[in-house]
Amino acid sequence: MNTTILGLSILELSYIVASVTFILGLKMLSSPDKARKGNLIAGYGMGLAIAATILFKEEFSADKWLNYSLILAGLVVGTVIGMRMAIKVKMTAMPQMVSFFNGMGGACAGVISLVEFDHLRHGGEISAGMLIVILLGLIIGSVSFSGSMIAYGKLEEKIADKALPAGQIINIGLLVAIFGLAGYLAFSGHLSMPLMYTLLILSLLYGVLFVMPIGGADMPVVISLLNSFTGMAAAFGGFLYGNQAMLTGGILVGSAGTILTVLMCTAMNRSLTNVIIGSFGGGGAASTKSG
Amino acid sequence: MEEILSLFYENREFIFLIIVSIFLGIEVISNVPAVLHTPLMSGANAIHGVVIIGSIIIMLQADPSNYYALILGFLAVILGTLNVVGGFVVTNRMLEMFKKKAK
């Protein structure tokens, strides 16, 4: 009994330390001479939070050897691939790499929602509030994933700018469908897995159609926007698990990312609405709209 | 409606934390110079990799016979690790370049 309380205390303490490193890291990242140190500090905080979660979140039981092996295997596989990609990438290809990793985080949030939804279906406690949190995590995570992948493809010049005729109307229609379906799932009490997958597919499609018409020169702004989306998705996860580290980390990125997106637009002398709706700019369709 | 209100009540401390964090996030980066926009974006990208904790929690809580949760959870751990490791390493490389330029 005492050991669990000790473990849980260490766990919560680690989350507080991690949250502080995230704040410090972001702060230092915005001043040129401290930026590198800030990145390292946040990295250590992240490592601490991950290690503490594995060690202290649940009491170790031998029946779960498969769970623990899969966690460690996943960490090793992810680290090896992530390191290789991050070290090999050319300096000029950095923005698309950021977009790629951002997409991975979005996908992670989406998958978490899928598992938790399934968990609720099998006898978990159901409340409309928690369902909404899970559904929003799925929607935002998936939009961020598919959007980031399209942004990645565009910057790698594997995907050309294409605007569907009446693209805005299709997008609005899709949004209505997504939120209608999410509302139905949240309030009808009908926890259907096929509907959940439909929601996933619609969200993925929305991410694709959202980024598709935006011109190449505006991509960094879009990546920054999607970055703050993933932050929000992470924060929904934090809300779901009552986890402070996820919550502060996610919200910080969500709000800092949104402001950063606006700052980037200002630096380019554009407005955010112009970037998103106008879809003119480097190589994109010409438009006469102006802010 | 009542359920949403009760969600609000049960999580009032978290909601408080969310609101404070939103303002903190805005405040903390508001003086960033334009050259640091991309590294800051990349650093923030690494920080939201904290979502990996969610995937670890899934794995810890999954029943060892629930293969749906185990397989998807395993996938989520890989995705989250990619976000964390890739994010921090890429940011570090970007900032390394800055240092050389400054000299």
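With an unreviewed UniProt entry as reference, chain B is termed proton-translocating NAD(P)(+) transhydrogenase, source organism Algoriphagus formosus. For chain B, the Subcellular location (unreviewed entry) comment in UniProt is given as "Cell inner membrane". The record held by UniProt for chain B lists under Function (unreviewed entry) the comment "The transhydrogenation between NADH and NADP is coupled to respiration and ATP hydrolysis and functions as a proton pump across the membrane."

Explanation requested: the environment of A:Phe117 in the structure shown.
Residues and elements named next belong to chain A. Among the structural elements, Phe-117 can be located in helix 4 (residues 94–121). For Phe-117, a relative accessible area of 0% translates into the label buried. Not counting residues within four places of it along the chain, the set of residues in contact with Phe-117 comprises Leu-131, Ile-134, Leu-185, Leu-191, Ser-192, Met-193 and Met-196.

When you look at the domain arrangement of chain B in this model, what are you seeing that I'm missing?
The parts lose accessible area when they come together, and the size of an interface is often stated as this lost area. In terms of domain boundaries, chain B breaks down into domain 1 (1–31) and domain 2 (33–103). Taken over C-alpha atoms, the centre of domain 1 of chain B sits 23 Å from the centre of domain 2 of chain B.

I'm lost on the UniProt feature "transmembrane region" (unreviewed entry) in chain B in this one. Help?
Residues and elements named next belong to chain B. Those residues carrying the UniProt feature "transmembrane region" (unreviewed entry) are residues 14–36, 43–62 and 68–91 in this numbering. Here residues 14–36 is 70% helix and 0% strand, with 31 Å between the C-alpha atoms at its ends. Along residues 43–62, the helical share is 75% and the strand share 0%, with 31 Å between the first and last C-alpha atoms.

Sorry, what's going on with the interface of chain A and chain B here?
At the interface, 94 residues of chain A touch 76 residues of chain B. Considering only the surface of chain A that becomes buried against chain B, A:Arg36, A:Met46 and A:Phe239 emerge as the three largest contributors, covering 8% of it. Remark: the boundary between chain A and chain B carries one salt bridge. The salt bridge involving A:Arg36 is made with B:Glu96; its shortest N-O contact spans 3.2 Å. Seen at the junction of chain A and chain B, the total is 16 residue pairs in polar contact (both at pLDDT 80 or more). Elements that contribute at least two residues to the side of chain A that touches chain B include exactly helix 1 (2–29), helix 2 (35–56), helix 3 (65–88), helix 4, helix 5 (128–155), helix 7 (193–211), helix 8 (219–241) and helix 9 (244–267) of chain A. Considered class by class, the residues forming the side of chain A that touches chain B number 60 nonpolar, 25 polar and nine charged.

Can you help me understand the nonpolar core in this one?
As a rule of thumb, nonpolar side chains are buried together in soluble globular proteins. In this structure, A:Leu199 and B:Ile53 are the most contacted members of the largest nonpolar core, which totals 124 residues. Taken domain by domain, the makeup of this core includes at least three residues from each of domain 1 (1–31) and domain 2 (33–103) of chain B.

I would appreciate a short explanation of a nonpolar patch on the surface in the present structure.
Residue and element names in this part refer to chain A. Together, Val-76, Val-77, Val-80 and Ile-81 make up a nonpolar patch on the protein surface, roughly 300 Å² of accessible area in all. Mapped onto the elements of the fold, Val-80 is located in helix 3. With a relative accessible area of 48%, Val-80 lands in the partly exposed category.

Can you walk me through the confidence of the model for chain A in this structure?
Caution applies to low-pLDDT parts of the model: their predicted coordinates are not meant to be read in detail. Residues at a pLDDT of 70 or more form 93% of chain A, whose mean pLDDT is 88. Every residue in residues 280–291 of chain A scores below 50 in pLDDT, and together they form 20 contacts with partners more than four places removed in sequence or on other chains.

Whenever I open this one, the packing of helix 4 of chain A against helix 5 of chain A confuses me. Can you help?
When two helices pack together, their arrangement is given by the angle between their axes and by how far apart the axes lie. Residue and element names in this part refer to chain A. Axis separation between helix 4 and helix 5 bottoms out at 7 Å; the angle between their running directions is 155°. Comparing their axes, helix 5 and helix 4 come out roughly antiparallel. Relative to helix 5, helix 4 is oriented so that their crossing is left-handed. Residues that form the contact of helix 4 with helix 5 fall into these classes: 16 nonpolar, twelve polar and one charged.

Conventions we followed
Residues numbered from 1 in each chain as written. Chains lettered and ligands numbered in written order. Predicted model: local features only at pLDDT ≥ 70, side-chain atom pairs only at ≥ 80, totals over all residues. Heavy atoms only, no water. UniProt positions renumbered as here; feature names shortened; annotations may be inferred. Helix = DSSP H or I, 4+ residues; strand = E, 2+ residues; numbered from the N terminus. Buried < 20%, exposed > 50% of the residue type's maximum accessible area, 1.4 Å probe, protein only. Contact = heavy atoms within 4.5 Å. Domains from an automatic or database assignment. Buried area = accessible area lost by both parts, 1.4 Å probe. Salt bridge = Lys/Arg side-chain N within 4 Å of Asp/Glu carboxyl O. Polar contact = N/O pair within 3.5 Å; in protein donor to acceptor, adjacent residues only side chain to side chain. Nonpolar A, V, L, I, M, F, W, Y, C, P; charged D, E, K, R; others polar. Core = buried A, V, L, I, M, F, W, Y, C linked by side-chain atoms within 4.5 Å. Patch = residues over 30% accessible without salt bridge, like charges linked within 9 Å, V, L, I, M, F, W, Y side chains within 5 Å. Areas by Shrake-Rupley, 256 points an atom, 1.4 Å probe, with all protein chains shown as cover. pLDDT = per-residue confidence, 0-100. Axes fitted to C-alpha atoms, helices over the stretch in contact; angles between N-to-C directions. Parallel < 35°, antiparallel > 145°, perpendicular 65-115°, else oblique. Left-handed = near helix turned anticlockwise from the far one by under 90°.

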